[in-house]
Structure formats: structure tokens, C-alpha cells
Amino acid sequence: MSETDFATRVGQILEAGALNVALGLGYQLGLFEALDGAGALSSDELAAKADLNPRYVHEWLGAVLAGGVVELAPDDPTRFVLPDAHALVLCRRGGAQNLGVYTQELGLLVEGALSGVRAGFRTGQGLGYESYPAFHAFMGELADRKHEQALVGEFLPSVAEGAIEARLRAGGAACDLGCGSGRALLLLAAAFPASEFVGVDLDEGALEAGRDAARAAGLTNVEFLTRDAARLAEAPGELAARFDWVSAFDAIHDQLDPAAALRGARALLKDGGVFSLVDIAAESELAENAERPLGAFLYTVSLLHCLPIGLGPEGKGAGLGMLWGRQRALDLLAEAGFEVEVAEIPNDPFNVHYCCRLSSA
Ligand SMILES: C[S@@+](CC[C@H](N)C(=O)[O-])C[C@H]1O[C@@H](n2cnc3c(N)ncnc32)[C@H](O)[C@@H]1O
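Residues numbered from 1 in each chain as written. Predicted model: local features only at pLDDT ≥ 70, side-chain atom pairs only at ≥ 80, totals over all residues.

A. Examining the pairing of strand β8 (residues 269-280) more closely. Here β8 lies mainly inside the structure; nine of its twelve residues are buried. When strand β7 (residues 243-249) meets β8, the two strands line up parallel, connected through six bridges. Residue pairing across strands places Val246 opposite Phe275, the latter belonging to β8. Assessed by its sense of winding, the connection that carries the chain from β7 through helix α12 (residues 258-268) to β8 is right-handed. With seven bridges joining them, β8 and strand β10 (residues 348-358) adopt antiparallel strand pairing. Bridging from a neighbouring strand, Ser276 pairs with Cys355 of β10. (Buried ≥ 20, exposed ≤ 12 C-beta atoms within 10 Å, placed from the backbone. Helix = DSSP H or I, 4+ residues; strand = E, 2+ residues; numbered from the N terminus. Pairing = 2+ DSSP bridges. Right-handed = clockwise from strand over helix to strand, strands pointing away.)

B. Looking closely at the pairing of β7. With seven of its seven residues buried, β7 lies for the most part within the structure. As defined by bridge partners, strand β4 (residues 173-177) adjoins β7 across three bridges and the pair is classed as parallel. Pairing of Asp176 across the sheet is with Ser247, part of β7.

C. Inspection of the packing of α12 against helix α14 (residues 325-335) at higher detail. α14 packs onto α12 with a crossing angle of 55 degrees between their chain directions and a minimal axis gap of 9 Å. Compared by their axis directions, α12 and α14 come out oblique. Remark: the crossing between α12 and α14 carries right-handed chirality. For the pair α12 and α14, the contacting residues are Pro258, Ala259 and Leu262 in the first and Leu332, Leu333 and Glu335 in the second. (Axes fitted to C-alpha atoms, helices over the stretch in contact; angles between N-to-C directions. Parallel < 35°, antiparallel > 145°, perpendicular 65-115°, else oblique. Left-handed = near helix turned anticlockwise from the far one by under 90°. Contact = placed C-beta atoms within 7 Å.)

D. Just the site of the ligand, in detail. For the ligand, the set of nearby residues contains 19 residues, the closest of which are Ala143, Gly178, Gly180, Ala229 and Phe249. Looking at the shell around the ligand, the elements with two or more residues in it are α8 (135-158) and β5 (196-201). Of the residues contributing to the shell around the ligand, the split by class is eleven nonpolar, three polar and five charged. (Near = placed C-beta within 6 Å. Nonpolar A, V, L, I, M, F, W, Y, C, P; charged D, E, K, R; others polar.)

E. Geometry of the sheet that holds strand β2 (residues 71-73). Judged by pairing direction, the sheet is antiparallel, and its three strands sit side by side in the order β1-β3-β2 without closing on themselves. Looking at the sheet topology across the chains shown, the edges are occupied by β1 (41-42) and β2. Pairing of β1 with strand β3 (residues 76-81), which is carried by two bridges, proceeds in the antiparallel orientation. Looking across to β3, one finds that Ser42 is bridged to Arg79.

F. Here's a closer look at the nonpolar core. Of all hydrophobic cores here, the largest spans 74 residues; its most connected members are Leu177 and Val246. If we ignore the near neighbours within four places in the chain, the residues touching Val246 are Cys175, Leu177, Ala265, Leu268, Leu269, Gly273 and Phe275. Counting residues in each nonpolar core, the second largest holds 22 residues, with Leu35, Leu41, Leu46 and Cys91 among its members. (Core = buried A, V, L, I, M, F, W, Y, C linked by C-beta atoms within 7 Å.)

G. Inspection of the sheet that holds β7 at higher detail. Strand order in the open sheet formed by seven strands is β6-β5-β4-β7-β8-β10-β9, and the pairing between neighbours is mixed. Of all strands in the sheet, those with a lone pairing partner are β6 (222-226) and β9 (338-345), marking the two edges. Averaged over neighbouring strand pairs, the angle between their axes works out to 20 degrees when direction is ignored. Across the sheet, helix α10 (residues 183-191) is in contact with β4, β5, β6 and β7; its angle to β5 comes to roughly 175 degrees.

Structural data, given as C-alpha cells:
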């Protein structure tokens, strides 16, 4: 690429990066929902509808108009329209098509962690979850979007050729490691009333949110336990060899000691049980991810969150990073005593399913 072409590219990066921030603000403040289906609104009408300050909304409209997100009304340059095709991609009603939820991510991470990450470049130290105050709420929102559409109807039937779904229907037991606020478990507990579900996480606030949601939904077959996944192998207690299915959605690469957490997953499985590790689809070498769609976005999220969390405040954790990749995952799973089949996930090219059974060796 020539210098001129690269300068053009950097200009595009500046424009897109700035627009990402404006989109994230609009998503959080409900501006896209206020525009959705409303026809042509003036700046003041939009501010009133969203219950926001008119001067700020006016400036925001400047950014999203220049960025091609909203359009001017054909007959009135003082009114703004969000085309329906854009609304589907930016509004909560878009479900699986909603990319708006991701526009908040970099802003949230930068808000809590940028100075710590900058320091980490010199010290090698990482960060604790307290650096990310809005993290669990955001993860809950992402998990809602991911799991609500696909977990019960699409993903579960694909696990071990439907064997786990059949066991849960008949009355089995499943545990979700690093369950966060428990969105996946709540969906499963509602879909399989004859089975019992246990969520394990370190974050008491997230677990309490899960307990509240279970109570509100009247679910009595799900419980949330405060446990360190990395200590389950040595001290599984009442969870030892209890489960037909153990899952870990997006919850191993952030661990300080992922190898111990994988041994923990093993300790929880009944004979013949299955461990589903669902994590980002990537390779372990940087060069092999160079062409990956959204690779720069994912590495930057990892830099701002997954890596520092995985290193921990003392910098002694494994620090796998989000794109730890297939080869590294397969090595760690084999060390933990699993035989693994790598499966694609229906309608989810971003993640991969490591379907693991206890190794017979
Ligand atoms: C990226 S979040 C994923 C949450 C959830 N599984 C989802 O898909 O939305 C990772 C979760 O792992 C939890 N976690 C990290 N280390 C853990 C450990 N050693 N033991 C238990 N949970 C842990 C975090 O508190 C967090 O809730």
C-alpha cells in the first residue's frame, strides 16, 4: 500500500473509530429506539422523545449523519430518519442481527481500564474485575442476545448428536462454569424442568442477579454457587462427578489458571458426561488470525479486557487472551484429560465448540 493510500486508510480508521463511540452512546441512551419507526424527526423532537438534552442530541446527530447512519428527510434538511435496514442492525429489536450492542464495548472497556492497560505495557501486570464496573451488565446483555435465540433450539441439539438434550429432557444435571448472571442456565432451567442446573462463578454480584432472575421466573431447578473454577478439581465437594453436561461459555480464556479450571470441569462430570467449551473461533498464531473478520476489534477487546483479567493484578496469571486459539485450547484440554471433537456452532461463525469427553487413556 502506498503512503497516500495508507494515509487514506488511517483517515478511515479515525472516522470509523469516532463513529463507534457515537454509536455506542446512541445505543446506551436509547436514541436508535427513539428514531426507529418514528419517520422524520427534528433534533429537538428526538431529544424530547428520548428525554435527553437537546444540545447534546444535536451534536450527536451531526456525527451519525456524517457517518451515514441516519439520513436527512428528502423534503426537509432539518429532520432526520433512521432507515429501517439500519434500525434492524442497531436496535435491540434486531435480535441476532443487532450489532448495536457491540458498539458500546470499546467505550465501556476504555472507561474502566485504559490507564491500567497502558501501565501494564510497562509492568506486565493485569487488572481485576473491579476495573470493569459495567462489565457483568454488558456481558448479560451480550449473553441474552447470543443465548436467547440459539441455545436451546440450535446449540443444544448439536451437542453430542443430541445426546445431552435427550438426557436433560429425561431428567439430568448440568453445570455452567463462569456462568456470570446465568442467562444460559435460566433458559435451560425453563426448557428442561425435569433437570437440575448449577451455575458457578466467582462474582457474587453476577450470581445474585442470576438468583433474583430465577426467583422472578419461578424457577426452582437452578442454583448459583460462589466457587473458584480453578479449585474445583482439588475440592469439588458436593459437585464431584454429578453432571451429565458441564459448559463454559466464553469463560475459560479469562481465567488466571485455565488449566486448573479445565481439570475442574473434568472433576464435575459423571462417567459418559460431556464438557462443552464454547470460545472464540481463532488460531493460536497471530499470523493465522491476520485475515480474520473483525480481528483488530477482537484483539483490541482482548487487550483492554481478556488479557489483563487473565494476567490478574499481580501479572502472574496465564493471560491467554481472547484469541488463544484452537491449538492452545486443544493442548490444554488434552492435558486436562479430555478427548475433543471440534465442532462448528450453527449460525455462529464467531465461536467454536470444543466438545469434550473424558479421555479413556
Ligand atoms: C466473559 S464472562 C462470561 C460469562 C457467561 N458465561 C456468558 O457467556 O455471558 C467470564 C465469567 O467467568 C467468571 N470467572 C472468571 N474466573 C473464574 C473462576 N476462576 N471461577 C469461576 N468463575 C470465573 C467471571 O466472573 C465471568 O462471569
